[in-house]
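# Observations on the model geometry
Chain residues, written in single-letter form:
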Amino acid sequence: MAGSLLLLQRTRLVVQQGPRGTSAGQALLVPEAVPGAGLAEPRGAQSPSPRLLAGTAALRELASSQRHGPHWLTARNSELRQLRRRWFHRFISDQEPMQTAGLKAMKRTAEHKGTYMGCFSDDSRERTLKGAVFYDLRKMTVSHCQEACAERAYTYAGLAYGAECYCGNKLPVTASRPEECNSECKGEKGSICGGVNRLSVYRVEELWAAAPRRRNVIYRGCFRAPENLTDTFPASLIQPNLTVEMCSEFCSKKEFPLAVIRGRECYCGYPTGRFSLHGGADRQLCSGMLNVSSAAGGKYCLVYQTPVQDTRCTDRKFLTTKSKVFVALSSFPGAGNTWARHLIEHATGYYTGSYYFDGALYNKGFKGEKDHWRSRRTICVKTHESGKTEIEMFDSAILLIRNPYKSLMAEFNRKFAGHLGYATDRNWKSKEWPDFVNSYASWWASHVLDWLKYGKRLLVIHYEDLKQSLIPKLKEMVEFLNMTVTEDRLLCVENNRDGNFKRSGAKQKNFEPFTQEMKDLINRYILTVDEALKGRNFTGLPREYVPR
């Protein structure tokens, strides 16, 4: 039921009414929500009213004027937030019909294709199936879990708690009583998906006998071999006529994410301090190495990523005691907040929270979405809000900034295609795109300016720097959150850097969505924000933000 509720996430709601009601700029106070209380979809999630559209036109007219300084942006921020909040929640609600339709279709077509092996015990501290982990807290089915594991070359699929899917290649030794697997699948009435600390296990390697399974083997590079490969890697194989496929298959069966080849030697393991996959060598140094006996004892090796997930950092939980420091993870929409949460959660092992309740993210494993944002059981709280009141609620904040051109496009994609899809040509060429840019471009600037003005303690992280230097920047973020992590866990995060939240589908090619008028507007905001950051002794914006 939680997936259908929207938690009351703010203490104040701005309502625009006609001449007889409250004025457009006046705020109506709403009592703070009781933690755990549920409400129906707010009126702001519906289609914008004529008055709201008129406000959009007014914003566009103002944005095209010459008033682009910090004082003007700060003064306009309150009115912009009224418009943005209504749009933001409408974007989330737009995805619900599509999710509901997909759920119904899944129920109609679900089939149990694998062989049921029985009910087995499972412990969060020592997983029974130690391969990949998937969550779908709303739409999990037996077939969905089986197919996810089969696609990644696993032999067994196990379901627990009605919504969690675990993959592995080793069958558990001790079975539990059949009746202990008693949780109904979240997306398939009448089917059982494990239970509390219990797994319903299926053998899936026989699936799709007529079609080859997708065994993604990714070339990671040529690297200097560690001094003692046997000590560095837990599993090994010496095989005449060794191929990449043979080594990857062997390491997948052993449930390791890396396949390392040196001549006829195949080694399996993880990225570690001894072998971090940093500082790769020239590929020519590994040329002709494969299956060559003289390569034994050589200085270099080929490294491939197997379909197996690195699970050393997938365990997450809520804080056992309330956090004394209330930390925000603040960004403009489309600036990579979800990705940053994925990195933080896997690096620290603790859930992040959210000022919003986004059912799509909750269903995919961000369990902090369901927790009240003031519970202080999460390590930090996602927010796109700005303004003095919203900012001063937090003791400190990580301020994530991304190129506004990329942020605007990412948020527009999310509006029309969810967190993982791309908007269509028709969407980009509609009137809604220029309206979106004219209202949201100013928000990008005012959001940063407000946090610089009212934020008590800030760590500024540029999205581009995080992508380029993930480990150093992630260390900064973790230290700011007053946490310590092991090097192996950070390397695990780097190995799973994209998680399950990388966009897929038909991406726009050779397409310039921004007109020159849009660029002129955005570039002025970029210069304003750059000056403000330097004024607070932060690093200015990367040069790539302004098109050359």
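Conventions we followed
- Residues numbered from 1 in each chain as written.
- Predicted model: local features only at pLDDT ≥ 70, side-chain atom pairs only at ≥ 80, totals over all residues.
- Heavy atoms only, no water.
- Pairing = 2+ DSSP bridges.
- Helix = DSSP H or I, 4+ residues; strand = E, 2+ residues; numbered from the N terminus.
- Axes fitted to C-alpha atoms, helices over the stretch in contact; angles between N-to-C directions.
- Contact = heavy atoms within 4.5 Å.
- Parallel < 35°, antiparallel > 145°, perpendicular 65-115°, else oblique.
- Nonpolar A, V, L, I, M, F, W, Y, C, P; charged D, E, K, R; others polar.
- Disulfide = S-S within 2.5 Å.
- Buried < 20%, exposed > 50% of the residue type's maximum accessible area, 1.4 Å probe, protein only.
- Salt bridge = Lys/Arg side-chain N within 4 Å of Asp/Glu carboxyl O.
- Left-handed = near helix turned anticlockwise from the far one by under 90°.
- pLDDT = per-residue confidence, 0-100.
- Expected span 1.5 Å × (residues − 1).

### Things to note about the sheet that holds strand 9 (residues 198-203)
What the five strands build is an open sheet, ordered 3-9-5-6-4; its pairing is antiparallel. Each having just a single partner strand, strand 3 (115-121) and strand 4 (133-135) make up the two edges of the open sheet. If you compare each strand with its neighbour and ignore which way they point, the axes differ by 25° on average. Where strand 4 meets strand 6 (residues 164-168), three bridges bridge the pair, whose relative direction is antiparallel. Among the inter-strand pairings, Phe134 is bridged to a residue of strand 6, identified as Cys165.

### Side note on the sheet that holds strand 19 (residues 458-462)
The five strands lie next to each other as 16-17-15-18-19, forming an open sheet whose pairing is parallel. Among the strands making up the open sheet, the edge pair consists of strand 16 (353-354) and strand 19. In this fold helix 6 (residues 337-348) packs onto strand 15 (327-331), strand 16, strand 17 (381-383) and strand 18 (396-401), with an angle of close to 145° to the strand it touches most, strand 15. The strands touched by helix 11 (residues 432-454) are strand 15, strand 17, strand 18 and strand 19; relative to strand 18, the strand with the most contacts, the crossing angle is about 150°.

### Section: the packing of helix 11 against helix 15 (residues 516-535)
If you want to describe how two helices pack, look at the angle between their axes and the distance between the axes. Two numbers describe how helix 11 lies on helix 15: the axes approach to 10 Å, and their chain directions differ by 5°. As judged from the angle between their axes, helix 11 and helix 15 are roughly parallel. In this structure, helix 11 contributes Trp433, Pro434, Val437, Asn438, Ala441, Ser442, Trp444, Ala445, Val448, Leu449 and Leu452 to the contact, and helix 15 contributes Met518, Leu521, Ile522, Tyr525, Ile526, Thr528, Val529, Ala532 and Leu533. Residue classes in the contact of helix 11 with helix 15 are distributed as 17 nonpolar, three polar and no charged.

### Re the state of the cysteines
Formally, a disulfide is one covalent bond, and it connects the sulfur atom of one cysteine to the sulfur atom of another. Applying the stated rule across the entire model yields eight disulfides. Two residues share a disulfide in this structure: Cys119 and Cys181, whose sulfurs sit 2.0 Å from each other. Across the S-S bond of Cys119 and Cys181 the torsion is about 90°, and the bridge reads as right-handed. Remark: Cys181 occurs in the loop between strand 6 and strand 7 (184-185) and Cys119 occurs in strand 3; sequence separation between them is 62 residues.

### Considering the pairing of strand 5 (residues 156-160)
Strand 5 sits mainly inside the fold: five of its five residues count as buried. Burial of the side chains of strand 5 extends over both faces: Tyr156, Gly158 and Ala160 are buried on one face and Ala157 and Leu159 on the other. The pairing of strand 5 with strand 6 spans five bridges and is antiparallel. Paired with Tyr156 across the two strands is Gly168, which belongs to strand 6. Where strand 5 folds back onto strand 6 in an antiparallel hairpin, the turn is made up of three residues, including Tyr161, whose phi is positive at roughly 60°. Summarising the sheet, strand 5 and strand 9 pair through four bridges and their orientation is antiparallel. Note on strand 9: the bridge partner recorded for Ala157 is Tyr202.

### Things to note about the pattern of salt bridges
Applying the stated criterion across every chain, the model contains 16 salt bridges. Among the ionic pairs, Arg177 bridges to Glu180, the shortest N-O distance being 2.9 Å. One salt bridge connects Glu345 with Arg316, and the closest N-O pair in it is separated by 2.7 Å. Separated by 29 residues along the polypeptide, Glu345 in helix 6 and Arg316 in the loop between strand 14 (300-305) and strand 15 bring together distant segments of the chain. Its relative accessible area of 0% is what places Glu345 among the buried residues. With a relative accessible area of 18%, Arg316 lands in the buried category. What you see here is one network of salt bridges that share partners, running through Arg177, Glu179, Glu180 and Arg198.

### Examining helix 5 (residues 244-253)
The α-helix winds at 3.6 residues per turn, so residues separated by three or four positions along the chain end up facing the same way. Among all positions of helix 5, only Val244, Cys247, Ser248, Phe250, Cys251 and Ser252 are buried. Where helix 5 is buried, its residues contact strand 11 (235-238), strand 12 (258-262), strand 13 (265-269) and strand 14. One or two steps after helix 5, the chain reaches Glu255, where phi turns positive at roughly 65°.

### Looking at the packing of helix 9 (residues 404-417) against helix 11
One can describe the packing of helix 9 onto helix 11 by two numbers: an axis separation of 10 Å at closest approach and a directional angle of 125°. The orientation of helix 9 relative to helix 11 falls into the category oblique. Crossing of helix 9 over helix 11 shows right-handed handedness. Of helix 11, the residues touching helix 9 (which contributes Pro404, Leu408, Met409, Glu411, Phe412, Lys415 and Phe416) are Glu432, Trp433, Phe436, Val437, Tyr440, Ala441 and Trp444. The residue makeup of the contact of helix 9 with helix 11, split by class, is 11 nonpolar, no polar and three charged.

### Description of the confidence of the model for the protein
Low pLDDT means the predicted atomic positions in that stretch should not be read closely. Summary statistics for the protein give a mean pLDDT of 77 and a share of 73% for residues scoring 70 or more. Predicted confidence is poor over residues 208-214, with pLDDT under 50, and the contacts of this stretch with residues over four places away or in other chains come to 11 contacts.

### Details of the pairing of strand 9
As judged from the six bridges shared by strand 3 and strand 9, these two strands associate in the antiparallel manner. Note on strand 9: the bridge partner recorded for Ser121 is Arg198.

### Considering helix 6
For helix 6, with 12 residues, the first-to-last C-alpha span of 16 Å sits near the 16 Å given by 1.5 Å per residue. Here helix 6 lies mainly inside the structure; 12 of its 12 residues are buried. Here helix 6 has its buried residues at Asn337, Thr338, Trp339, Ala340, Arg341, His342, Leu343, Ile344, Glu345, His346, Ala347 and Thr348. Residue Gly349 follows helix 6 closely and has a positive phi angle near 85°.

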